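Descriptive structure summary
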Protein chains: 4
Amino acid sequence: MSDTAELPRQRHLRADASRNRERIVDAARTAFVDHGPDVPLDEIARRAGVGNATLYRHFADRKDLIQQVTLASMDRIAEEAEAALAEEEDPFQALRRFVHRAADERIGSLCPLLSEGFDKSDPEVVRMRDRLDAAILAVMESARQAGKLREDVAAGDLMVALTQLTRPLPGMMCDGIDRYVHRHLQIFLDGLQAPARSELPGSPATFEDLAQPQDGAM
Amino acid sequence: MSDTAELPRQRHLRADASRNRERIVDAARTAFVDHGPDVPLDEIARRAGVGNATLYRHFADRKDLIQQVTLASMDRIAEEAEAALAEEEDPFQALRRFVHRAADERIGSLCPLLSEGFDKSDPEVVRMRDRLDAAILAVMESARQAGKLREDVAAGDLMVALTQLTRPLPGMMCDGIDRYVHRHLQIFLDGLQAPARSELPGSPATFEDLAQPQDGAM
Amino acid sequence: MSDTAELPRQRHLRADASRNRERIVDAARTAFVDHGPDVPLDEIARRAGVGNATLYRHFADRKDLIQQVTLASMDRIAEEAEAALAEEEDPFQALRRFVHRAADERIGSLCPLLSEGFDKSDPEVVRMRDRLDAAILAVMESARQAGKLREDVAAGDLMVALTQLTRPLPGMMCDGIDRYVHRHLQIFLDGLQAPARSELPGSPATFEDLAQPQDGAM
Amino acid sequence: MSDTAELPRQRHLRADASRNRERIVDAARTAFVDHGPDVPLDEIARRAGVGNATLYRHFADRKDLIQQVTLASMDRIAEEAEAALAEEEDPFQALRRFVHRAADERIGSLCPLLSEGFDKSDPEVVRMRDRLDAAILAVMESARQAGKLREDVAAGDLMVALTQLTRPLPGMMCDGIDRYVHRHLQIFLDGLQAPARSELPGSPATFEDLAQPQDGAM
DNA sequence: TATGAATGAGTGTTCATTCAT
DNA sequence: CATGAATGAACACTCATTCAT
């Protein structure tokens, strides 16, 4: 009935069960942001106000939970990219807006989780990645067409740098790092602007590159 | 016989004990880089080829080990900064060189460790931080004097961004992230160049700011 | 017998969980008696027939377990004192009965545990101590009124001596010390009888004195 | 102090070695008194001002050290008994004096150590026990002959009670228990005086009984 | 279905004892 | 002979995951 059709894991989910699932995902994101990726699952369950076993009813294990949380985050970020492209007149300004909004989504505390044992072959993941890839590519391509974005960077470069620059420092309150995040992103964006002020080593990293564990490219 | 007067923890350290200490510190740095800051200490001991208790003879606990490893790394990085300033003609090129060399030192996998329960009042730490601060400030000031470095950034900005951009993604082979690190640093450096292409939010972060847990500045 | 409502730690405790808790407390008391206060908690769990983590679900740490075991023991001993006073005609005989019954409760292996890191400010402990204090005082006062108990002793004296004389010798089978316990208590009781046969050094120790870590009195 | 010829462990012991041995035994006794029988051997070595390995050169293991410390203590106590008998006119006063002096020797913190894995067949132990037995028996017999000591107690009773009443409470500073020790011993001695005020359960425990691990007697 | 409870495997840390200088 | 160093075997405690109500 409601538009949960976007993540139709289980077809017929009881109303309270569906609500529990939502709460767990939200609690997990918050917990990851606050205490890092090793936060006890019991803590997440506690924050969500459910028993620990309920968490396991919805998510097979920690990896699965991370997967779902990450998907939800990617969904939001893709929306940000799409909105930025649609609403901003200046293409490079759209890129700036997207980047800063993604930072506010705490993308840094979630995307690193991608790397652990993340199942990149999961169809859900593939679908979401493609969507996000497309959205970001669109923003970048628009800026590039306008001559505002340097030529030697690709979407993968942006995502990795964005992720890294917004990662919480372990043990440091999020407010600690937050003070710097937007400054550094702004500097990085300045570096992305055309004309390029230096030559980059290596080759542009596309989104697909992120999925490949091993790469000999240089 | 000039002893290693630089870190005179214990006066008379037996030759083999000293060798073990070195091996543990080395193994720890490698292990932190490979598996993150939560790597089991037993794993570190195993890599160092010593028993676990030997590790505890040299380092009171995980925090202490991190402290020592970090100090060793800061030492190396300070040297890099000093050497870059002394040997490079172009002041901004000195900054570039320092940043890329620091990345090769895996600074990203060590300095974040600063944030956890790091004892910032430790005299050794204070001394090393001051030295590193001075070295980086000298590089930056030189570049600034030459009109190559934007005005609205300070040493703390550089250190945090450098740290973040070089952090290993947990679980990802180091080679994975390494592919991007130097590209991103180069972009960031481009963003640092004068003239500034945008206005930065917040205020420049000095080295001292990094030591303060709570800051209301924005 | 005290009703179980006296220790309503958790409101709704599942039947099996409650049974486990009981078994752990019992196993702990036995283990403390058999192997002293440093017996591995795993051993206690093993005796109770539960996993080690189950023990930690019920008791935060060793201190907590000791606290609970001690409380249970104090409860039983207080009952003994109350019963002795109520049922024995001869007041000094009531004292003798209480002392010997307390010995059978293995009080010696538990009350010493009071001294370590025992949280004397715990409301449960305070309440129980006050109850035990009142019960013993009543017995002693009754005997004193009858002119059977020497004047220069207080409840603290009795408790400490009772505790010491009934402590198990580490490593000695309990039966080893048991052979002597009741003999020695009987002798001690004889020494407590009025008229006093000698003058005691120091001053009577009240129950409150036992709670004070430091005392200059002599 | 008895001449050192009594403990001719090693025939030709270098002067400094002999001094070290003494210091270790002394440190061990103090450490046992202060921190209980589980005090780390390194702590004892530290107090003695020697390396830990030196301790192992003199004593095979913890058990051996305990054995030697106990022997030294028994030696002192035997002397006290002999001196009391020789110097006091009133036989029961001799008993009182011996008991209080033995308490000052912290016998309680050492004799319990007898029970653990104590090698009772060690000739040294047998010899010392016989000597101590004889000394105490002499004191008691003297008092009994004078009609001052009740008939139904033996030397083993006295030693066990004396040990128990002078044991330090774990974790409680020694001064804590010290306040009570002499009071309780005095009461116990009063209970020992003839005429007996009650009938004792069981049978008198001789010194030999203490050596038997298993006893069905009652 | 949701839940509290149970559990075993894992980690940090200590300590008795052995080794090498 | 004396010592600092090394070590493996504990033990306390945690947590992801499974079980039973």
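Residues numbered from 1 in each chain as written. Chains lettered and ligands numbered in written order. Predicted model: local features only at pLDDT ≥ 70, side-chain atom pairs only at ≥ 80, totals over all residues. Heavy atoms only, no water.

1. Comments concerning the protein's contact with DNA strand E
Close contacts around DNA strand E come from 37 residues, with A:Thr54, A:Arg57, B:Arg62, C:Asn20 and C:Ala53 the closest. Backbone atoms, meaning sugar plus phosphate, form 55% of the atoms of DNA strand E positioned within 4 Å of the protein. Between DNA strand E and the protein, one listed contact pairs a base nitrogen with a side-chain N or O atom of A:Asn52 at 2.9 Å. At 3.0 Å, a side-chain N or O of A:Arg57 approaches a phosphate oxygen of DNA strand E. Those elements that provide at least two residues to the surface near DNA strand E are helix 3 (52-58) of chain A, helix 2 (41-48) and helix 3 (52-58) of chain B, helix 1 (15-35) and helix 3 (52-58) of chain C together with helix 2 (41-48) and helix 3 (52-58) of chain D. The leading source of residues in the surface near DNA strand E is helix 3 of chain C, at five residues. Grouping the amino acids of the surface near DNA strand E by side-chain chemistry returns 16 nonpolar, ten polar and eleven charged. (Near = heavy atom within 4 Å. Polar contact = N/O pair within 3.5 Å; in protein donor to acceptor, adjacent residues only side chain to side chain. Helix = DSSP H or I, 4+ residues; strand = E, 2+ residues; numbered from the N terminus. Nonpolar A, V, L, I, M, F, W, Y, C, P; charged D, E, K, R; others polar.)

2. Let's talk about the protein's contact with DNA strand F
As a matter of local geometry, DNA strand F sits amid 36 residues, with B:Asn20, B:Ala53, B:Thr54, C:Arg62 and D:Thr54 nearest to it. Each atom of DNA strand F within 4 Å of the protein belongs either to a base or to sugar and phosphate, the latter forming 56%. Note that a phosphate oxygen of DNA strand F is positioned 3.3 Å from one of the side-chain N or O atoms of A:Tyr56. Sorting the residues of the surface near DNA strand F by element identifies helix 3 of chain A, helix 1 (15-35) and helix 3 of chain B, helix 3 of chain C together with helix 1 (15-35) and helix 3 of chain D as the ones contributing at least two each. Here the residues of the surface near DNA strand F sort into 16 nonpolar, eleven polar and nine charged.

3. Quick look at the relation of the copies chain D and chain C
Superposing chain D onto chain C takes a rotation of 178° combined with a translation of 0.1 Å along the rotation axis, leaving an RMSD of 0.3 Å. Within this description, the copies of the chain are treated as partners about a two-fold rotation axis. The rotation axis passes nearest to the C-alpha of D:Gly191 in chain D, at a distance of 1.9 Å. The residues that chain D uses at the interface reappear at the interface of chain C in 98% of cases, marking a shared surface. (Least-squares fit on C-alpha atoms with pLDDT ≥ 70 in both. Contact = heavy atoms within 4.5 Å.)

4. A closer look at the interface of chain D and chain C
In this complex, chain D contributes 48 residues to the contact, which on the side of chain C involves 48 residues. Area buried by chain D at its contact with chain C is led by D:Arg179, D:Arg183 and D:Arg197, which between them contribute 20% of it. For the pair chain D and chain C, the interface holds four salt bridges. The salt bridge involving D:Arg183 is made with C:Asp157; its shortest N-O contact spans 2.9 Å. Taken together, the links from chain D to chain C amount to 28 residue pairs in polar contact (both at pLDDT 80 or more). Of all elements in the fold, only helix 7 (112-115), helix 9 (155-165), helix 10 (174-192) and helix 11 (207-211) of chain D reach the threshold of two or more residues within the side of chain D that touches chain C. (Buried area = accessible area lost by both parts, 1.4 Å probe. Salt bridge = Lys/Arg side-chain N within 4 Å of Asp/Glu carboxyl O.)

5. Examining unusual backbone geometry
The step from C:Ala194 to C:Pro195 runs through a cis peptide bond, and the omega angle for that step is 0°. By the secondary structure assignment, C:Pro195 is in the loop between helix 9 (174-192) and helix 10 (207-211).

6. Thoughts on the interface of chain A and chain B
Counting residues at the interface gives 48 residues for chain A and 48 residues for chain B. Summing both sides of the interface, chain A and chain B together bury roughly 4,500 Å²; the carbon and sulfur share of this comes to 54%. If you look at where chain A meets chain B, you find four salt bridges. Linking chain A with chain B are 28 residue pairs in polar contact (both at pLDDT 80 or more), by the criterion used here. Elements with a contribution of two residues or more to the side of chain A that touches chain B: helix 8 (155-165), helix 9 (174-192) and helix 10 (207-211) of chain A. Among the elements that take part in the side of chain A that touches chain B, helix 9 of chain A stands out by supplying twelve residues, more than any other. Classifying every residue of the side of chain A that touches chain B gives 22 nonpolar, twelve polar and 14 charged.

7. A word on the relation of the copies chain A and chain B
Each copy of the sequence occupies a distinct position, and chain A is placed on chain B by a rotation of 179° and an axial shift of 0.1 Å, giving an RMSD of 0.3 Å. The overlap is high: 98% of the interface residues of chain A also sit at the interface in chain B, so the same surface is used on both sides.

8. What to know about the packing of helix 4 (residues 62-87) of chain C against helix 5 (residues 91-104) of chain C
Residues and elements named next belong to chain C. It is at 9 Å that the axes of helix 4 and helix 5 come closest, and there the two elements cross at 155°. Classified by the angle between their axes, helix 4 and helix 5 sit roughly antiparallel to one another. Crossing handedness for the pair helix 4 and helix 5: right-handed. Along its contact with helix 4, which presents Ile 77, Glu 80, Ala 81, Ala 83, Ala 84, Leu 85 and Glu 87, the element helix 5 presents Ala 94, Arg 97, Phe 98, Arg 101 and Ala 102. A breakdown of the residues in the contact of helix 4 with helix 5 according to their chemical character gives eight nonpolar, no polar and four charged. (Axes fitted to C-alpha atoms, helices over the stretch in contact; angles between N-to-C directions. Parallel < 35°, antiparallel > 145°, perpendicular 65-115°, else oblique. Left-handed = near helix turned anticlockwise from the far one by under 90°.)

9. Structural notes on the environment of A:Gln145
Residues and elements named next belong to chain A. Looking at where Gln 145 falls in the secondary structure, it is placed in helix 7 (residues 123-145). For Gln 145, a relative accessible area of 64% translates into the label exposed. Between the C-alpha atom of Gln 145 and that of Pro 91, which follows or precedes it by 54 residues, the distance is 8.7 Å. (Buried < 20%, exposed > 50% of the residue type's maximum accessible area, 1.4 Å probe, protein only.)

10. Points about the domain arrangement of chain A
All names here are of chain A. Here chain A is partitioned into domain 1 (14-59) and domain 2 (62-211). In this structure, domain 1 and domain 2 have C-alpha centres spaced 25 Å apart. With 17 residues of domain 1 in contact, the opposing surface of domain 2 contributes 14 residues. Among the residues of domain 1 in contact with domain 2, Arg 29, Phe 32 and Val 33 are the three that bury the most area, contributing 47% of the side total. There are one residue pair in polar contact (both at pLDDT 80 or more) connecting domain 1 and domain 2. Elements supplying a minimum of two residues to the side of domain 1 that touches domain 2: helix 1 (15-35), helix 2 (41-48) and helix 3. Of the residues forming the side of domain 1 that touches domain 2, the biggest block, eight residues, is contributed by helix 1. Across the side of domain 1 that touches domain 2, the residue classes break down as twelve nonpolar, one polar and four charged. (Domains from an automatic or database assignment.)

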